[in-house]
Amino acid sequence: MSTTDRTQSQSGLSIFRQLTAGSSEPLGTSHSSEIAKPTIEALRYLEDIVPEEDFKYVMFDDNLVTVSDTGKELGEFTVTVEPTRYKGLECFLIHANSHGSIDGVPCGTSIVCHVSKCLETLEQQHHEYVKLDNCPLDRKTFLVRQSDSYTMNRIIAQGEDVQRSTKSIPVEHMRGFISEGSNLLLHRLLIEKSMEYDLQFISFDSETNLCPVIYKRLDERTQTVEDVELRVYGIERTIHSMVDLPTTWQSYFMKDGHLTNRVQIGSPVTMKLAKVPLRIERDEETPKPVFEKKELNWEEDMQLHSRFLDRKEELKGDHATYMRHHPELRALLADFLQFLLLRKPDDILAFAANYFAAFSTSMPDPSPYLASNAPVPFPDSHTNAKIEELRTPMR
């Protein structure tokens, strides 16, 4: 067997072992009673997200090719992020697909995930497969957020053996949880909204046990794509399993968030950018001019005072024209003022409300057959408080 064939064979076995590792154990089995928790800095990073600003430029597609350590193309890797709605809630739909063939064995992974604007996973479907002739493997995991818990269903088919498992995880244990789908969006956000220090969230290991996942910033470097040198920025993600060795991925991105390189440490397979994507055009905000505050005395400023007088005459003319076109206005106001001065009410606002309410078209017309002593709708407008006071001593 040649070196290339041996490498590809080992890669296929490596992927097969990763997918089948521990599949005979019950779902969620953990050898540690310790509950993984995110750090305060990680939670604060999520709380500081401003969706309208931080997610403004993260919705685009990534297309990479999968190559072996010898440079042979094995498959492709694509990621799409787009806005959508999930049960009436505005969120993001993330679709990632990786498929190819190693040593003639088809294998791949597919993720469909709905993520809220605070990186909370609402629903995720994760499908992995390796189509070996003698013992094909197919593993599907469904994660759904309920009102007070997450429900996970898992189906593992290995040959003719099919295992089904279900478990429920309280929402309070999932605080700071980053799924495989939200991880793809978080990587773009870490480039757009950089982190000042390492961040520890929680995620699932290969046995769907909650465990710490740490994100670290890598040193900048250059990567050549289509004879173009790109300055790329790296992020390292490590899942510290409770029952197995840590698993680490290193990913590099362009300044605008496009993925250029992704590799799992220890794997001979690498995902690389084959074609330079179109750069995302950003709205450049023009800095607002700053003016010194000056005291303004418009009466002494000839130009402002002249504009004031012109505007004053313009308004007076406009008001006079309106009143000429509506002569009933003078009669209405005169009648109201006369009525007001005759009654001299203490509460002028209530008196005016009762007076003008009689002109409302929404008020019902009183029946002409009502009794003479029936209560009137606006007693204040028909009762003279002063006269009532004078009548009191005479009774």
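About the cut-offs
- Each chain has its residues counted from 1, following the order in which its sequence is written.
- The model is predicted, so local features are restricted to residues of pLDDT at least 70 and side-chain atom pairs to those at 80 or more, both for listing and for counting; the totals for chains, interfaces and linings are taken over all residues.
- Processing note: side-chain calculations cover all non-hydrogen atoms of the structure and skip hydrogens and water entirely.
- Burial classification: accessible surface area is computed with a 1.4 Å probe over protein chains only, and a residue below 20% of its type maximum counts as buried, one above 50% as exposed, and the rest as partly exposed.
- Secondary structure follows DSSP: runs of H or I at least 4 residues long count as helices, runs of E at least 2 residues long count as strands, and numbering of each begins at the N terminus.
- Between any two strands, at least two bridges found by DSSP are needed for them to pair.
- Residues forming no salt bridge and having over 30% relative accessible area are the ones grouped into patches, like charges within 9 Å of each other and nonpolar side chains (Val, Leu, Ile, Met, Phe, Trp, Tyr) within 5 Å.
- Only the protein chains shown count as cover for residues, and all accessible areas are computed by the Shrake-Rupley method using a 1.4 Å probe.
- We define a salt bridge as a side-chain nitrogen of Lys or Arg found within 4 Å of a carboxyl oxygen belonging to Asp or Glu.
- The definition of a nonpolar core used throughout is a set of buried Ala, Val, Leu, Ile, Met, Phe, Trp, Tyr and Cys residues joined through side-chain atoms within 4.5 Å.
- By the convention used here, residues are in contact when the closest approach between their heavy atoms is within 4.5 Å.
- Helix axes are fitted to C-alpha atoms over the stretch in contact, other axes to C-alpha atoms as well, and angles between N-to-C directions run from 0 to 180 degrees.
- Convention used here: angles under 35 degrees read as roughly parallel, angles over 145 as roughly antiparallel, angles from 65 to 115 as roughly perpendicular, and any remaining angle as oblique.
- Each crossing gets its hand from how the near helix is turned against the far one by less than a right angle, where anticlockwise is left-handed and clockwise is right-handed.
- Under the scheme applied, nonpolar residues are Ala, Val, Leu, Ile, Met, Phe, Trp, Tyr, Cys and Pro; charged residues are Asp, Glu, Lys and Arg; polar residues are all the others, including Gly.

For strand β9 (residues 199-204), the buried fraction is high: five of the six residues fall into the buried class. Here β9 runs beside strand β10 (residues 210-217); their pairing, made up of six bridges, is antiparallel. Within β10, the position partnered with Phe-204 by the bridge is Leu-210. Joining the antiparallel neighbours β9 and β10 is a turn of five residues, in which Thr-208 adopts a positive phi near 55°.

A contiguous nonpolar patch, built from Leu-296, Trp-298, Phe-308 and Leu-309 and spanning about 390 Å² of accessible area, is present on the exposed surface. Along the chain, the position of Trp-298 falls in the loop between β15 (270-273) and α5 (302-325).

This part takes up the nonpolar core. In terms of nonpolar packing, the biggest core is built from 37 residues, with Phe-55, Leu-119, Leu-185, Leu-186, Leu-190, Phe-201 and Tyr-215 touching the most fellow members. Tallying contributions element by element places helix α4 (residues 180-192) first for this core, with six residues. With residues up to four places along the chain from it excluded, the contact list for Leu-119 reads Leu-46, Ile-49, Phe-55, Phe-177, Ser-182, Leu-185, Leu-186 and Leu-189. Counting residues in each nonpolar core, the second largest holds 10 residues, with Ile-169, Phe-177, Phe-204 and Leu-210 among its members.

What follows covers the pattern of salt bridges. According to the stated counting rule, one finds 10 salt bridges in the structure shown. One salt bridge in this structure joins Arg-175 and Glu-47, with 3.8 Å as the shortest N-O distance. Of this pair, Arg-175 sits in the loop between β8 (161-170) and α4 while Glu-47 sits in helix α2 (residues 40-47); the two residues are 128 residues apart in sequence, bridging distant segments of the chain. Glu-47 gets classed as exposed once you look at its relative accessible area, which sits at 57%. Residue Glu-220 is joined to Arg-231 by a salt bridge in which the shortest nitrogen-to-oxygen separation is 3.3 Å. Placement of the pair is Glu-220 in the loop between β10 and β11 (221-225) and Arg-231 in strand β12 (residues 228-239), with a sequence separation of 11 residues. Classification of Arg-231 as partly exposed rests on a relative accessible area of 43%. Linked through salt bridges whose partners overlap, the residues forming this network are Arg-85, Glu-90 and Lys-117.

Between helix α6 (residues 328-343) and helix α7 (residues 348-357), the least distance of the axes is 11 Å, while the angle of their chain directions is 130°. The angle between α6 and α7 falls in the class oblique. Both α6 and α7 take part in a crossing whose hand is right-handed. Residues Leu-332, Asp-335, Phe-336, Phe-339, Leu-340 and Arg-343 of α6 touch α7, and the partners they reach there are Ile-348, Phe-351, Ala-352, Tyr-355 and Phe-356. Split into classes, the residues belonging to the contact of α6 with α7 amount to nine nonpolar, no polar and two charged.

Time to look at unusual backbone geometry. Of note, the phi angle at Asp-103 is positive, near 55°, even though the residue is not glycine. Locating Asp-103 in the fold gives a position in the loop between β3 (89-102) and β4 (105-116). For Leu-119, which is not a glycine, the phi torsion comes out positive at approximately 65°. Structurally, Leu-119 is set in the loop between β4 and β5 (121-130). With relative accessibility at 2%, the residue Leu-119 sits in the buried group.

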